[in-house]
Amino acid sequence: MKGRKPVRALRLGLLAAVLLVVPFADHNNAHVDFLANAGAFVLLALGLNIVVGFAGLLDLGYAAFFAIGSYSYAIFASQQFGLHVPFWIMLFVAAAIAALFGILLGAPTLRLRGDYLAIVTLGFGEIVPQTFLNLAQYTNGPNGIGSLDQPSLFGRPFGFSATPYYYVVLGLIALGIVAARNLQHSRLGRAWMAIREDELAARHMGINATTAKLSAFALGAAFSGVAGVAYAAKLDLVSPDQFGFNVSVLILSMLVLGGMGNVAGVIVGSLVLSFVNSFLLPQASNIAHTAGFTYLDFTNYRFMLYGVILVGMMLLRPAGLLPSAKRRAELEAALTDPALAAHEQTEYEGAHAR
Amino acid sequence: MRAPEPAFFELRNVRCAFGGLVAVDDLSFALEQNSIVALIGPNGAGKSTVFNLITGIYRATSGTVSFGGRSLAKLGTHQIAALGIARTFQNIRLFAFMSALDNVMTGRHARMQASLADSLLHTPRQRREERRVRERARELLRFVGLERSAGDDAHNLSYGSQRRLEIARALASSPTLLLLDEPAAGMNPREKDDLIALVERIRASGVTIVLVEHDMKLVMGLCERVTVLDQGRKIAEGTPAHVRADPRVIEAYLGASDP
């Protein structure tokens, strides 16, 4: 144990150093831009991991909180209402607003689990962008809100380079990782795990399942509120079509790919999918075009590719690229121990009956 | 004149019906502090239902359940646990994919102070508490003889060990009333002997214990008083020897003899 700590610190230091010099070493602004966007999705994945990975609450409408965070910035920091709350304060405000909506969504769904919960969250994910679309007098409907305030640090505006956003997102991710890991190894984190394993037994341990679940929804939503502010400020525009069901599915796919419940896995999963999404597919299309296959546009096959990846994962590494030890044990037990699997099944049905 | 001291724990005229099915009917019994009492009866007599009534999983249709003079009627399961009532389950309900140590630490939840902010920031206070609770959880694992399995996932433990882990997890909350639901089920004779010694040690530490059990040797060896249920009703109550000789008990277990 003792010998491993310095090694780990060294590795972390090296990683941090590499990440910090990337914008200086790589002068291609498109690359830094890609990394900043991917970073926003890392934040989203970290947040969804709290809800789905830690607390076991399947949320199919997570993009709604991303929308709420983004629109918060657009409303409080643009010409739209003449409000100009600074970016740094909006990070906190949007986190709080998103958390509040997390509780609003969580409260009526507390008794639901599994597929029933998924359907309600799915509905919520559809309602929120629709609301922003239809409140046209406040949000400009389908046109969205543009010309958002540029963040500035010590009086220096960020400008149109992606580099400052890259650093902001990097800092937020670092904080997010610490927060997620702290939560995982705490009284609350154990309560989430216990609820995920056996809610009835958890309640007998004195765990208030209601507040534990609501805190998971609220904290998970807060992450996407923060991500939404950073994303909106960088893009300089929010519109309802950025937050559809496909975004919720994309974030959930990042979790499945990387390894649900494991912070490192979730980060790897989100980086891989962002890379495929924003880099690999457009590049592949470019190559195809220059080779004369002008009708080939791989970005249109995005969801087919996700499907292939997910099915492949289910067959080859069902617990994800970097699975949490617990998940892997669960899956293996389910495959090799029919009695345990049957027990889980009755648990599941029992939960539905309640 | 002073009002009589409230009973440590009391069920008074409790009835629990699910539609037309009456699971528990007009059941009354009281527990003295630091006593050890068995609840026995044939399958379907309503023993586990009584436990579920006590911990707030089921609500009494009528009658009262009180603990230290306080009615439990309006409290949720987690609040009842926080008052100091802990239990184990007939069909083991450990957190299967958490380590034995984490299971016991989770059992301490109600007695821990860490708030959401403490959990998020790992404040010095939170770290101190985690250390203390981890240390106590290790002590409890030692107490039930599982110190070597602290890091093992609960589902990897043997059946007897799982039963003992459930007891350690229940004890983690420092309960004053412990409900054991068939703790000896599936144990071999040696494990049963160990269990008897363990329950006696728990009792010696000042905990009041109610035991639902089929194993008569265990019941007769451990308990001062026995309450016998049949079809939701109390049919006998008293010392083990007294109950064993009661013709109604024999009838309930063996069926009525032909006239």
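Residues numbered from 1 in each chain as written. Chains lettered and ligands numbered in written order. Predicted model: local features only at pLDDT ≥ 70, side-chain atom pairs only at ≥ 80, totals over all residues. Heavy atoms only, no water.

### Some thoughts on the interface of chain A and chain B
Tallying the contact residues gives 32 residues for chain A and 32 residues for chain B. Taken over both partners, the interface formed by chain A and chain B buries close to 3,000 Å², and the fraction arising from carbon and sulfur atoms is 65%. Of all residues in chain A, the largest losses of buried area upon contact with chain B belong to Arg187, Arg190 and Met205 of chain A, amounting jointly to 28% of the total for that side. For the pair chain A and chain B, the interface holds 2 salt bridges. A salt bridge links Asp198 of chain A to Arg93 of chain B, with the shortest nitrogen-to-oxygen separation between them at 2.8 Å. Looking at the side of chain A that touches chain B, the elements that each hand over two or more residues are α7 (163-184), α8 (187-197), α9 (199-204), α10 (209-235), α14 (325-336) and α15 (338-353) of chain A. For the side of chain A that touches chain B, the element with the highest residue contribution is α8 of chain A, accounting for 7 residues. Here the residues of the side of chain A that touches chain B are counted per class, giving 15 nonpolar, 8 polar and 9 charged. (Contact = heavy atoms within 4.5 Å. Buried area = accessible area lost by both parts, 1.4 Å probe. Salt bridge = Lys/Arg side-chain N within 4 Å of Asp/Glu carboxyl O. Helix = DSSP H or I, 4+ residues; strand = E, 2+ residues; numbered from the N terminus. Nonpolar A, V, L, I, M, F, W, Y, C, P; charged D, E, K, R; others polar.)

### Some thoughts on helix α7 (residues 189-204) of chain B
All names here are of chain B. The terminal C-alpha atoms of α7, which comprises 16 residues, lie 23 Å apart, in line with the 22 Å expected from a rise of 1.5 Å per residue. Residues of α7 that are buried include every one of Leu195, Ile196, Leu198, Val199 and Ile202, and no others. Positive phi shows up at Gly206, right after α7, with a value of about 100°. (Expected span 1.5 Å × (residues − 1). Buried < 20%, exposed > 50% of the residue type's maximum accessible area, 1.4 Å probe, protein only.)

### Points about the domain arrangement of chain B
When the parts come together, some accessible area is lost, and that loss is often what is quoted as the size of the interface. Residue and element names in this part refer to chain B. Assigned domains of chain B: these are domain 1 (1-84 + 175-259) and domain 2 (98-172). Using C-alpha coordinates to define each centre, domain 1 is positioned 27 Å away from domain 2. Facing 18 residues of domain 1, the contacting portion of domain 2 comprises 11 residues. A buried area of about 1,100 Å², summed over both sides, lies between domain 1 and domain 2, and 70% of it is on carbon and sulfur atoms. Between domain 1 and domain 2 we count 0 salt bridges in total. (Domains from an automatic or database assignment.)

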